[in-house]
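Listed below, chain by chain, are the residues.
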Amino acid sequence: MFMASPTSVRTSTGCSSLLRELQQLWNDIGESEVDRDRMLLDLERECLEVYRRKVDEVANTKARLHQSVAAKEAELATLMAALGELNLYSPTQTEKKATSLKEQLAFVTPLVEDLKLKKEERVKQFVEIRAQIDKIIAEISGYSHLISAVNSFNLEEQDLSSRKFTEYQTQLRTLQKEKSERLHKVLEYVNEVHSLCGVLGLDFGKSVGDVHPSLRGASIEQSTNISDSTLEGLDQTILRLKTERKVRFQKLKDIVASLSELWNLMDSTKEERSNFSRITSILGSSELEVLEPGALSMENIEQASAELERLTKLKASRMKELVMKKRSELEDICHKTHIEPDPSTAPEKSNALIDSGLVDPGELLANIEAQINKTKDEALSRKDIMDRIVRWLSACDEENWLEEYNQDDNRYSAGRGAHINLKRAERARITINKIPAIVDNLINRTLAWEDEKKKLFLYDGVRLVSILEDYKLARQQKEEEKKRHRDQKKLQDLLLTEKESLYGSRPSPRRTSSFRKSNGYRANGNGSMTPTPRRNSVGSPTTELLTPRSYSGRQNGYFREMRRLSTAPLNFVAIAKEDTMSFSSVGGSEPGSPPQG
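Everything in this summary refers to the structure shown in the same document. (Residues numbered from 1 in each chain as written. Predicted model: local features only at pLDDT ≥ 70, side-chain atom pairs only at ≥ 80, totals over all residues. Heavy atoms only, no water.)

## A short note on the overall build of the protein chain
Right, so step 1: When helices and strands are counted, the protein chain shows 18 helices and 4 strands.
Right, so step 2: Here the protein chain holds 597 residues, and 32% of them are scored as buried.
Right, so step 3: Sequence-distant contacts, at least 24 apart, represent 74% of the contacts inside the protein chain between residues at least 6 apart.
Right, so step 4: Carbon and sulfur atoms form 54% of the exposed surface of the protein chain, whose accessible area is close to 38100 Å². (Helix = DSSP H or I, 4+ residues; strand = E, 2+ residues; numbered from the N terminus. Buried < 20%, exposed > 50% of the residue type's maximum accessible area, 1.4 Å probe, protein only. Contact = heavy atoms within 4.5 Å. Areas by Shrake-Rupley, 256 points an atom, 1.4 Å probe, with all protein chains shown as cover.)

## Topic: the packing of aromatic side chains
Right, so step 1: Applying the stated criterion across every chain yields a total of 5 aromatic pairs.
Right, so step 2: Judged by centre distance (5.0 Å) and plane angle (85°), the rings of Trp 392 and Tyr 471 are edge-to-face. Taken together, the residues Trp 392 in helix H12 (residues 361-406) and Tyr 471 in helix H15 (residues 464-503) connect sequence positions 79 residues apart. Here Trp 392 matches Tyr 471 in class, with each residue buried.
Right, so step 3: Judged by centre distance (5.0 Å) and plane angle (80°), the ring pair of Trp 449 and Phe 457 falls under edge-to-face.
Right, so step 4: We classify Phe 457 as buried; its relative accessible area is 0%. (Phe/Tyr/Trp six-rings, centres within 6.5 Å; stacked < 30°, edge-to-face > 60°.)

## Overview of the packing of helix H4 (residues 162-200) against helix H7 (residues 228-266)
Right, so step 1: Interhelical geometry of H4 versus H7 gives an angle of 25° and a closest axis separation of 10 Å. As far as their axial angle goes, H7 and H4 are roughly parallel. As H4 runs across H7, the sense of the crossing is left-handed. In this structure, H4 uses Arg 182, Lys 185, Val 186, Tyr 189, Val 190, Glu 192, Val 193, Leu 196, Cys 197 and Leu 200 to contact H7, whose residues at the interface are Asp 228, Leu 231, Leu 234, Asp 235, Thr 237, Ile 238, Leu 241, Lys 242, Glu 244, Arg 245 and Arg 248.
Right, so step 2: Along the lines of polarity and charge, the residues of the contact of H4 with H7 split into 11 nonpolar, 1 polar and 9 charged. (Axes fitted to C-alpha atoms, helices over the stretch in contact; angles between N-to-C directions. Parallel < 35°, antiparallel > 145°, perpendicular 65-115°, else oblique. Left-handed = near helix turned anticlockwise from the far one by under 90°. Nonpolar A, V, L, I, M, F, W, Y, C, P; charged D, E, K, R; others polar.)

## Examining helix H13 (residues 418-433)
Right, so step 1: Compared with an ideal rise of 1.5 Å per residue, which puts 16 residues at 22 Å, H13 spans 23 Å between its outermost C-alpha atoms and is within 8% of the ideal.
Right, so step 2: Listing the buried residues of H13 in full gives Ala 418, Asn 421, Ala 425, Ala 428 and Ile 432. In a view along the axis of H13, the buried residues occupy a sector of 65°, so they form one face of it. Of the exposed residues in H13, those oriented more than 90 degrees away from the buried face are Lys 423 and Arg 427. (Expected span 1.5 Å × (residues − 1). Arc of directions from axis to C-beta.)

## Digging into the nonpolar core
Right, so step 1: Formed by 65 residues in total, the largest nonpolar core has its most connected members in Leu 76, Val 186, Leu 252, Leu 259, Val 290, Leu 296 and Val 323.
Right, so step 2: For this core, the secondary structure elements donating two or more residues are helix H2 (33-83), helix H3 (101-141), H4, H7, helix H10 (298-337) and H12.
Right, so step 3: Ignoring any residue separated from it by four or fewer positions in sequence, one finds Leu 296 in contact with Val 199, Leu 200, Arg 245, Arg 248, Phe 249, Leu 252, Val 290 and Ile 301.
Right, so step 4: Residues Tyr 405, Leu 442, Trp 449 and Val 462 belong to the second largest nonpolar core, which totals 26 residues. (Core = buried A, V, L, I, M, F, W, Y, C linked by side-chain atoms within 4.5 Å.)

## Some thoughts on the side chain of Glu 450
Right, so step 1: With respect to the element layout, Glu 450 can be found in helix H14 (residues 435-453).
Right, so step 2: The buried category is assigned to Glu 450, whose relative accessible area is 8%.
Right, so step 3: Polar contacts involving the side chain of Glu 450 include one to the main-chain amide nitrogen of Phe 457, which spans 2.9 Å.
Right, so step 4: Ignoring sequence-local partners within four residues, the contact set of Glu 450 consists of Lys 455, Leu 456, Phe 457, Arg 463 and Val 465. (Polar contact = N/O pair within 3.5 Å; in protein donor to acceptor, adjacent residues only side chain to side chain.)

## Brief notes about unusual backbone geometry
Right, so step 1: With a phi close to 60°, His 338 is a non-glycine residue in the positive phi region.
Right, so step 2: Relative to the helices and strands, His 338 is located in the loop between H10 and helix H11 (347-356).
Right, so step 3: Phi at Lys 454 is positive, roughly 60°, even though this residue is not glycine.
Right, so step 4: Residue position: Lys 454 is located in the loop between H14 and strand S1 (458-459).

## What to know about H12
Right, so step 1: Along its 46 residues, H12 runs just 59 Å from first to last C-alpha, ending more than 12% under the 68 Å computed at 1.5 Å per residue.
Right, so step 2: Considering bend angle alone, the principal kink of H12 is centred on Lys 383 and spans about 55°. (Bend = angle between axes of the 7 residues up to and from the residue.)

## Re the pattern of salt bridges
Right, so step 1: A complete count under the given rule lists 31 salt bridges for this structure.
Right, so step 2: We note a salt bridge from Arg 382 to Glu 378, for which the minimum N-O separation is 3.8 Å. Residue Arg 382 and its partner Glu 378 are both found in helix H12; the two are separated by 4 residues, about one turn of the helix. Each member of the pair, Arg 382 as well as Glu 378, carries the same accessibility label: buried.
Right, so step 3: For the salt bridge of Asp 440 with Lys 472, the shortest nitrogen-to-oxygen distance reads 3.1 Å. Taken as a pair, Asp 440 in helix H14 and Lys 472 in helix H15 lie far apart in primary sequence, 32 residues in all.
Right, so step 4: For Asp 440, a relative accessible area of 34% translates into the label partly exposed.
Right, so step 5: One network of salt bridges, with partners in common, ties together Arg 163, Lys 164 and Glu 167. (Salt bridge = Lys/Arg side-chain N within 4 Å of Asp/Glu carboxyl O.)

## Details of the state of the cysteines
Right, so step 1: Here the structure, examined in full by the defined rule, presents 0 disulfides.
Right, so step 2: The structure places no disulfide on Cys 47, whose sulfur is separated from the nearest cysteine sulfur, that of Cys 15, by 6.6 Å. (Disulfide = S-S within 2.5 Å.)

Here you go:
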């Protein structure tokens, strides 16, 4: 049974009261029943129209409320989809049938407003991160000046979910890492360009500015262009600068090498060389080790080239002097090593060739340099034999000293230094006994050297083996002569003894005043007295032994002829005649001697 609401009860009561009052009025007026029915019918019709209008108005309100709820629910669904809030609890699905439209609208509206605020915040985040992504992409692509001109981000069409935001964050981190790597690479390239420009003496700002103007900015991290074109431009610039460095390094190295050669050739002073000490240091360095600013600048190269040109002109005017100096150096080396210098570069011939213009002085100088090197190499190979020659000559000097010493009748006197000479004489006898072995060993080594080198061993232009063989022959003849002299002396002493037995003792005519006048000694370095050397005369009882020293003394000039010097044969007739005369003088000096007949 329908229960009337208090409002409907009050309305019904009011209508009944009004109807009774209206009927009373009609009674008082005297309206007929027909008129009364007609007016009541009109009244009912008017009430129905009022109700109908109210019902229509309420129906429209309901429709509008339903539409608003549907719109809010659609907006809510859109926001939830855009924001990725798929699990957001919505009572509209579970309590839609149990609640009024106004309640539904009142419940959905706050959710929509909250999601709108969240969307606005999310949009700001997306705009910010997207702007960073677009900026980095533009910087990498090289179109950073167009960042503010184009904005392709459409808020209504974008996915604003947390998943999409995470994707953007990942993309941003990747781009930031790539930007950092590119910036680091650009800075490395710029630093290398700076180092190369410093060594080459070039304008660093212009070099990097030609690649991109931003590279010369003060705050390089903020303004540096990191596009592919910038990296490629820097790489090409570095390659070009390295090529230029290589070319300049080789050019300067060649110039410095030529300068050093000319300095050594012309004996330049240290002051002249010190002006170029900065660039001469590169001779011992590699290309990558040259890091000093301006070391390979064009100014240094032009300065070195000018000096080279000056020395080259000076060299041409002093070439004859240089050739003579080098020839003198060659002759000094040859003199010390007893090697005959090459006659093709003799001073007279060299001067004639230079004056005639037939030979380039530089080639002649190089030829003499080659001869010097060759002589040094040969001297090195001859060193062992030369040392043995010195030992042999020293033994010969001791032999000559001992002979002089033995000829002095006062050698045993108690004079100052006599005991020193006695000790030296003993050592000299030991050394002299080794001379034959020294000579034989020297011959064998010289022949072995000649077999190895396939040429003769020359000593001051004379074959050493010939000198040694002549020395051995002369030594043998000398020993035979000494033996013959001793025999003659014994014969003279025997004849003298017989003469004395017949005529009495007489002063020996063999003793002369030469030993009384001088004992043949001279002071040596240790305070003792050393016999002075004597040259044997033709009629002396000993034969001269020719050593390399005496051979070289007989050579004249720089070009000595090869010739063998043999010992002069002994004149036995002259010796016999001299002995006879000596014996006759002995016999004739005695008074009262019997007449010779």
